[in-house]
Amino acid sequence: MASNLPGSETPDGRPSKRRRVAIACDACRTRKSRCDGKRPSCSLCQDLGFDCVYTPPPTAANVIVQKDYLHGLEDRVKRLEQSLGAVRGDLDGLVKRVVHGPEKDREPAIPGQNTEESRDETSFAAPMSGLIGTEDSVDGMGAVIFADEEDSGFFGPSSNIAFLRHLSSAIVQPGYFPSPGAAEGGFVNASRPSSPLRQAGQDRRIQVNIFALPPQADALELIERYFSNTGLLFPYIYPPVFLDTYHQMATENFSRVRRTWLGLLNMVLAMATITAIPGSASADARIKESDVFYQRGLGLCGSEILRGTTLEVVQYLLLMGQYLQGTQKSIQAWTVHGLAVKAALQLGLHSRHASKVFSPIEQEMRKRTWFGCVVLDRTLSMTFGRPAAIPDSYVKLELPTKRKLENSPGLVDDETAALSVAFFNSTIGLYKQLWNVLELLYGQNIGCDDPLPVSENVAHIFSLEQHLFSWERSLAHPLRLVSSASIENLPRDQTSSNSQYLSLKFQVILTLRYLNLRVLLHRPILVKFITASRSPDRDPQDMRLLQQIGMNSLQICADSAMEIIDIVHRVVSEPGWKRSLLGAWWFSLYYTFNAALVLIGVGWVYRDTTLTSSTMTNQASKVGQYPGRAVAALSRLDDGNRLIDRCRYYLEQLSKVLNDSETNLDASTTALPALHCTRTGLIRDDFSLSPFGMELGEFMMDGDLVTMMDRQGLLPVDPDSAFTT
């Protein structure tokens, strides 16, 4: 080893001059030894076996840098430049896709040939994975495996799950709930595998190019379908302005388009697809196609909804919340609705003064969008059993009006537009009564108050019935309620004009909404009867009130539920034009399923003569037929719809309770052999999970119903079952 220490000699015999070292290593500096400055390790550190570290002082002007460190920096810069070039290439490709659409598998254009491509579902990474369920079960480093997730939710008194608790506590296991109020609603947990549940060769997630659009002819067809259906039921998007915007964007090849408007367009296309009349395409096909548009809209506006807001953003969120109601993404529907309400309040849509600075057409659309939020808020509050996000005191605007504000031709004529506004206003008035029902009879679903006594329930029900009667009398003639008998007498061939057809459609939908509200209004009396059916210490005074006054309320509840089932059954039994008289299929499913559950409860009460004070054999026989009629209606409602099939299956099992003549009402624990099925039977192909994945069901409480059966001991534990709720 060549030496450069003091005292060593050069070849000519002269002492060598010690080389100055700019920075001594930390070890030599600590020992106050002379360091020769060799890198990566000085001579002393090598001899002593120390780690040699050079720490430059903060004020060092000359820092000796190793060559390998410089090479590393150069490599990093080179990689960054390559990445930047790739990003620029991707951006150029995205611009081309926005202008021309995806080019995957596109053949070269031939002069004179129509090169308009069909829908192309090119796979691209979908953003906002947390909202659409695309997160992996293993983190990026492969070090963490996520455990099973747990969906939790509160379902208050007006929800189906609360009613099922009352029903199951009486039928299955008396005394299961420790106190009378425990069944009024509560917290439900449903564990599920970490999302998504990945299996070899399977991925239910559909990844799409968020910038793709269908061909113009297909897009216009879906837009027209939306404004002739959902757009008439909820007219908060103005067709002429929307259509003019689309044509302008198409003329410019979508080279300059707002992300929020493009997201709203995709939600319009998604809603038009999923609400298509059952039978036009299979349920799976409609769901998958609509999910492509949904993911595009979510990818385009996922970040925009977390920043500043506009009226377009509120309409986008409102439409997304309505869409999610029909996909069993109930948790997301509730969350998205909360964002819509907050955004609406931020824009001042609820304020008359805040809208004065806008043009008349913008004022009207702001007002309609606000009422759209109110209607959806009341709907979700009822189905989830949760407090409304918009108190009734916030709803002070005048009702929407029909005005000739634009000369631009729209997709509907003036007569249809006026009828649509009248229908929307009638819905607003009906849901005002829904608010009153939830407030007086269900405590606004807060879940803190004890159940009302029978006398207060009866007094509130009588007062609310008068309000409903006043609302019914105020309906314009084209919107008057209809009966199932009048629907049955309609001709098989549609001979009426378009306005007459739409009037009939509005009448059917309003009637179903009204009957469902009436069932909800009288359901607390039914719950009183069900609770008393297994109570060992019945209050004599309450029982007298129930038997004297409550029987009439019970009959109204049963009649309304049977009429719902009759209407849906008669509409879906004929394959012609009548099938289009119903609204979105998930609302028809909710009304039918809810009515059947109520009738199962009524049938249970009618069987106990100690409750009704008289024999109700004829009524019980009639009521007992309707769960089966509901099953028949659901089997015709949509073909291959797995959600409908599961609900139908549950109704078949629950209705067997009434038909089991060997059931002993006096037994301490009711035996239900009809429900003693294995879990494996629930996971057969007909009832497999939908492409969206089942969460806590907003309307049907699908997973909660199975959970309830488990807790009540109706379903034995099958360790080999793949079914999870």
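Structure shown above.
Because the structure is predicted, anything quoted here is derived from the model rather than measured.

> So what's going on with the overall build of the protein? Which residues, and what values?
Assigned secondary structure in the protein consists of 23 helices and two strands. The burial tally for the protein puts 50% of its 725 residues in the buried class. Residue pairs at least 24 apart in sequence account for 78% of intrachain contacts in the protein once pairs closer than 6 positions are excluded. With an accessible surface of roughly 34,200 Å², the protein has 52% of that area assigned to carbon and sulfur atoms.

> Mind laying out a nonpolar patch on the surface, listing which residues take part and the relevant values?
A cluster of nonpolar side chains, contributed by Leu44, Leu48 and Phe50, occupies part of the molecular surface with about 250 Å² of accessible area. Positionally, Leu48 belongs in helix α2 (residues 43–48). Of the residues examined, Leu48 reaches a relative accessible area of 47% and is grouped as partly exposed.

> Would you mind going over the packing of aromatic side chains in detail, with residue names and values included?
If you walk through the whole model with that rule in mind, you get 14 aromatic pairs. Summarising the aromatic geometry, the rings of Tyr649 and Tyr650 are spaced 6.1 Å apart at their centres and angled 55 degrees between planes, so their arrangement reads as tilted. The same class applies to Tyr649 as to Tyr650, namely buried. Put simply, the rings of Trp585, Trp586, Phe587, Tyr590 and Tyr591 pair up and form one aromatic cluster. Just above the ring of Phe155 sits the side chain of Arg386; from NZ or CZ to the centre is 5.1 Å. Here the guanidinium or amino end of Arg386 rests over the ring plane of Trp334, the centre of that ring lying 5.0 Å away.

> Please provide a residue-by-residue account of the environment of Val314, values included.
Here Val314 is to be found in helix α11 (residues 311–325). The class of Val314 is buried, set by a relative accessible area of 0%.

> Help me get a handle on the packing of α11 against helix α13 (residues 360–384), residues and values and all.
Contact pair α11 / α13: the axes reach a minimum separation of 10 Å and the direction vectors enclose 30 degrees. Put simply, α11 runs roughly parallel to α13. Handedness of the crossing formed by α11 with α13: left-handed. For the pair formed by α11 and α13, the contact residues are Leu311, Val314, Gln315, Leu318, Gly321, Gln322 and Gln325 on the first element and Met365, Arg366, Thr369, Gly372, Cys373, Leu376, Thr379 and Leu380 on the second. Among the residues making up the contact of α11 with α13, the classes are represented as seven nonpolar, seven polar and one charged.

> Explain the packing of helix α10 (residues 283–301) against α11 to me, using residue names and the numbers behind them.
At a minimum axis distance of 12 Å, the contact between α10 and α11 shows a crossing angle of 145 degrees. Crossing of α10 against α11: the hand is left-handed. For the pair formed by α10 and α11, the contact residues are Ser290, Asp291, Tyr294, Gly297, Leu298 and Cys301 on the first element and Tyr316, Met320, Tyr323 and Leu324 on the second. Residues of the contact of α10 with α11, tallied by class, amount to seven nonpolar, two polar and one charged.

> Tell me about helix α8 (residues 239–251), and please be specific about residues and values.
In this model, α8 (13 residues) spans 18 Å end to end at C-alpha, consistent with the 18 Å of a helix rising 1.5 Å per residue. Every buried residue of α8 is listed here: Pro239, Pro240, Phe242, Leu243, Thr245, Tyr246, Met249 and Ala250. On its buried face, α8 is in contact with α6 (216–227) and α9 (259–274).

> Give a detailed account of the pattern of salt bridges, specifying residues and quantitative values.
On inspection of all chains with the given rule, the structure shows 16 salt bridges. Measuring nitrogen to oxygen at the nearest pair gives 2.9 Å for the salt bridge that ties Arg378 to Asp377. Like Arg378, the residue Asp377 is buried in the burial classification. In the salt-bridge network here, residues are joined through shared partners; they are Asp377, Arg378, Asp392 and Lys432.

Rules used in this analysis
- Residues numbered from 1 in each chain as written.
- Predicted model: local features only at pLDDT ≥ 70, side-chain atom pairs only at ≥ 80, totals over all residues.
- Heavy atoms only, no water.
- Helix = DSSP H or I, 4+ residues; strand = E, 2+ residues; numbered from the N terminus.
- Buried < 20%, exposed > 50% of the residue type's maximum accessible area, 1.4 Å probe, protein only.
- Contact = heavy atoms within 4.5 Å.
- Areas by Shrake-Rupley, 256 points an atom, 1.4 Å probe, with all protein chains shown as cover.
- Patch = residues over 30% accessible without salt bridge, like charges linked within 9 Å, V, L, I, M, F, W, Y side chains within 5 Å.
- Salt bridge = Lys/Arg side-chain N within 4 Å of Asp/Glu carboxyl O.
- Phe/Tyr/Trp six-rings, centres within 6.5 Å; stacked < 30°, edge-to-face > 60°.
- Lys NZ or Arg CZ within 6 Å of the ring centre and 35° of its normal.
- Axes fitted to C-alpha atoms, helices over the stretch in contact; angles between N-to-C directions.
- Parallel < 35°, antiparallel > 145°, perpendicular 65-115°, else oblique.
- Left-handed = near helix turned anticlockwise from the far one by under 90°.
- Nonpolar A, V, L, I, M, F, W, Y, C, P; charged D, E, K, R; others polar.
- Expected span 1.5 Å × (residues − 1).

Purely geometric numbers; function is a separate question.
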